[in-house]
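# Breakdown of the fold
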Amino acid sequence: AVPLVPRAGDATAEERSVLLANRAACHLKDGACSLCVADCTSALELVPFGIKPLLRRAAAYEALERYSLAYVDYKTALQVDCSVQAAHDGVNRMTKALLEKDGVNWRQKLPPIPTVPVSAQMRWSIPSAQAPGANTPPATSPQGEQDQTAAGMERARMLKEEGNELVKKGNHKKAVEKYSESLKLNKECATYTNRALCYLALKQYKEAAQDCTEALKLDPKNVKALYRRAQALKELKDYKSSIADIKSLLKTEPKNTAALRLLQELNRA
């Protein structure tokens with residue numbers, strides 16, 4: 001439906017923004033986080049400070065482990081509506097993640113947090129006098145369903161983090177179990193690439209390649225998925241496919257030293 005809506009007029013801008021935000025929600029549920037970010041960004045260009053695209057982009061950034069960008073979006077969402085619990089929870093999670101990643105000075109590394117004008121805050125709280133309800137966010141699903149989905153996503157995130165800790169300890173077999181449980185609740189690109197890393201360590205190269213393929217269905221340009229599948233295919237002696245993956249990766253990151261090194265090894269194989 002998105003390409004069918006003309007690109008003119010204020011009402012049309014809002015319609016396109018809603019369509020893009022809805023498509024972003026689908027991408028997020030499918031784990032296609034980069035596509036979700038792109039749609040939310042387009043939606044916000046049409047209607048700045050929309051609460052739903054802000055929250056969905058924040059969730060996508062979080063899944064992509066781009067915590068500083070997620071933090072900015074969650075904080076911006078709170079300026080729009082300070083009662084949104086998901087934004088409060090997101091800020092708390094990102095604060096913890098950034099503290100672990102960057103230490104006590106993590107705030108100094110944040111991108112600027114935009115100031116939300118009062119008009120944007122009012123837009124979501126007061127329906128338009130000319131078209132009642134036209135400027136209010138789209139209706140949400142029942143609260144119980146939202147809570148259930150949120151609980152599942154949170155459980156999936158916790159399981160992924162448990163898997164990450166096990167990887168740090170070198171317990172790849174147990175980490176696979178955690179990632180597998182997480183993927184039952186939320187098919188996320190990062191979880192697939194993390195499990196692929198474990199499979200590589202366990203020399204289960206077919207499984208590693210399969211996980212990377214699943215990740216690339218969600219995010220076709222994911223660098224980790226391309227690199228790890230190339231590693232797995234090299235071990236499976238499928239050099240042609242491995243080289244193809246590395247060349248695809250280098251289109252995104254032409255100076256990726258690990259990929260360039262692997263390409264040299266493949267050319268010698």
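Per-chain numbering applies: the sequence of each chain, read as written, is numbered from 1 onward. It should be noted that, the model being predicted, local features are given only for residues of pLDDT at least 70 and side-chain atom pairs only at 80 or more, the latter also being counted only at that level, while totals for whole chains, interfaces and linings use all residues. Hydrogens are left out, water is left out, and the side-chain values use all remaining heavy atoms of the structure.

## Re the packing of aromatic side chains
Threshold: Note on aromatic contacts: the rings of Phe and Tyr and the six-membered ring of Trp form a pair at centre separations within 6.5 Å, being stacked when their planes are under 30 degrees apart, edge-to-face when over 60 apart, and tilted otherwise. Under the DSSP-based scheme used, a helix requires at least four consecutive residues in state H or I and a strand at least two consecutive residues in state E, with every element numbered from the N terminus.
Inspection of every chain in the model, using the stated rule, returns 1 aromatic pair. With centroids separated by 5.2 Å and ring planes inclined at 80°, the aromatic side chains of tyrosine 71 and tryptophan 106 adopt a geometry described as edge-to-face. On the criterion of sequence distance, the pair formed by tyrosine 71 in helix H4 (residues 67-80) and tryptophan 106 in the loop between helix H5 (85-102) and helix H6 (118-125) is long-range, its members being 35 residues apart.

## Considering the environment of proline 220
Structurally, the position occupied by proline 220 is in the loop between helix H10 (205-218) and helix H11 (223-235). Spatially, the C-alpha atoms of proline 220 and serine 34 are 9.1 Å apart, while their sequence positions differ by 186 residues.

## Focus: the pattern of salt bridges
This is how the line gets drawn: A side-chain nitrogen of Lys or Arg and a carboxyl oxygen of Asp or Glu constitute a salt bridge if their distance falls within 4 Å. In this scheme, a residue with accessible area under 20% of its type's maximum is buried, one over 50% is exposed, and one in between is partly exposed, where area comes from a 1.4 Å probe on protein chains only.
Summed over all chains, the structure comprises 15 salt bridges. Its salt-bridge partner being glutamate 62, residue arginine 93 comes within 2.7 Å of it at the nearest N-O pair. Taken together, the residues span a long stretch of sequence, with arginine 93 in helix H5 and glutamate 62 in helix H3 (residues 51-63) at a distance of 31 residues. With a relative accessible area of 10%, glutamate 62 lands in the buried category. The salt bridge partner of glutamate 214 is lysine 217, with a shortest N-O separation of 3.1 Å. Of this pair, glutamate 214 and lysine 217 both sit in helix H10, 3 residues apart, which is roughly one turn of that helix. Glutamate 214 sits in the partly exposed class, given a relative accessible area of 29%.

## Observations concerning the packing of H11 against helix H13 (residues 257-268)
What counts here: Axis lines are fitted through C-alpha atoms, for helices just across the contact stretch, and the angle between N-to-C directions can take any value from 0 to 180 degrees. Angular relationships are summarised with four words: roughly parallel below 35 degrees, roughly antiparallel beyond 145, roughly perpendicular across 65 to 115, and oblique for the angles in between. Throughout, a crossing is termed right-handed when the near helix is turned clockwise from the far one, and left-handed when it is turned anticlockwise from it by less than a right angle. By the convention used here, residues are in contact when the closest approach between their heavy atoms is within 4.5 Å.
Where H11 meets H13, the closest approach of the two axes is 11 Å, and the angle between their N-to-C directions is 20°. With respect to their mutual orientation, H11 and H13 come out roughly parallel. Relative to H13, the crossing made by H11 is left-handed. Here H11 contributes Tyr227, Ala230, Gln231 and Lys234 to the contact with H13, which in turn contributes Ala258, Ala259, Leu262, Glu265 and Leu266.

## Brief notes about unusual backbone geometry
Non-glycine residue glutamate 65 carries a positive phi angle of around 65°. With respect to the secondary-structure elements, glutamate 65 resides in the loop between H3 and H4. Despite not being glycine, lysine 203 has its phi angle at roughly 60°, a positive value. Looking at where lysine 203 falls in the secondary structure, it is placed in the loop between helix H9 (189-201) and H10. Residue classification places lysine 203 among the exposed residues on the basis of a relative accessible area of 62%.

## Observations regarding the confidence of the model for the protein
What counts, and what does not: The predictor rates its confidence in each residue with pLDDT, a number between 0 and 100.
Per-residue pLDDT for the protein averages 84, and the proportion of residues at 70 or more is 84%. Counting contacts from residues 6-10, a segment whose pLDDT is below 50, to residues more than four positions away or on other chains yields 4 contacts. Residue range residues 124-148 is modelled with pLDDT below 50. Its contacts to residues more than four positions away, or to other chains, number 22 contacts.

## So, the nonpolar core
The test is simple: Joining through side-chain atoms within 4.5 Å is the link that ties buried Ala, Val, Leu, Ile, Met, Phe, Trp, Tyr and Cys residues into a set, and such a set is a nonpolar core.
Among the nonpolar cores identified, the biggest contains 29 residues, and Leu55, Tyr71, Tyr74 and Ala87 are the most heavily contacted of them. Counting only elements with at least two residues in this core, the list comes to helix H1 (10-30), helix H2 (33-46), H3, H4 and H5. Tallying contributions element by element places H3 first for this core, with 7 residues. Apart from residues lying up to four places away in sequence, leucine 55 is in contact with Tyr74, Ala77, Val84 and Ala87. If you look at the next biggest cluster of nonpolar residues, it comprises 20 residues, including Cys212, Leu218, Leu226 and Ile246.

## Examining helix H12 (residues 239-252)
As a reminder, the rule being used: Expected helix span is computed as 1.5 Å times (number of residues minus one). Summarising the geometry, the arc corresponds to the directions from the helix axis toward the C-beta atoms.
Compared with an ideal rise of 1.5 Å per residue, which puts 14 residues at 20 Å, H12 spans 21 Å between its outermost C-alpha atoms and is within 8% of the ideal. Ser242, Ile243, Asp245, Ile246, Leu249 and Leu250 are the residues of H12 that are buried. Mapping the buried residues of H12 onto a view down its axis gives an arc of 160°, with all of them on the same face. Pointing more than 90 degrees away from the buried face of H12 are the exposed residues Lys240 and Lys251. Packing partners of the buried residues in H12 comprise H11 and H13.

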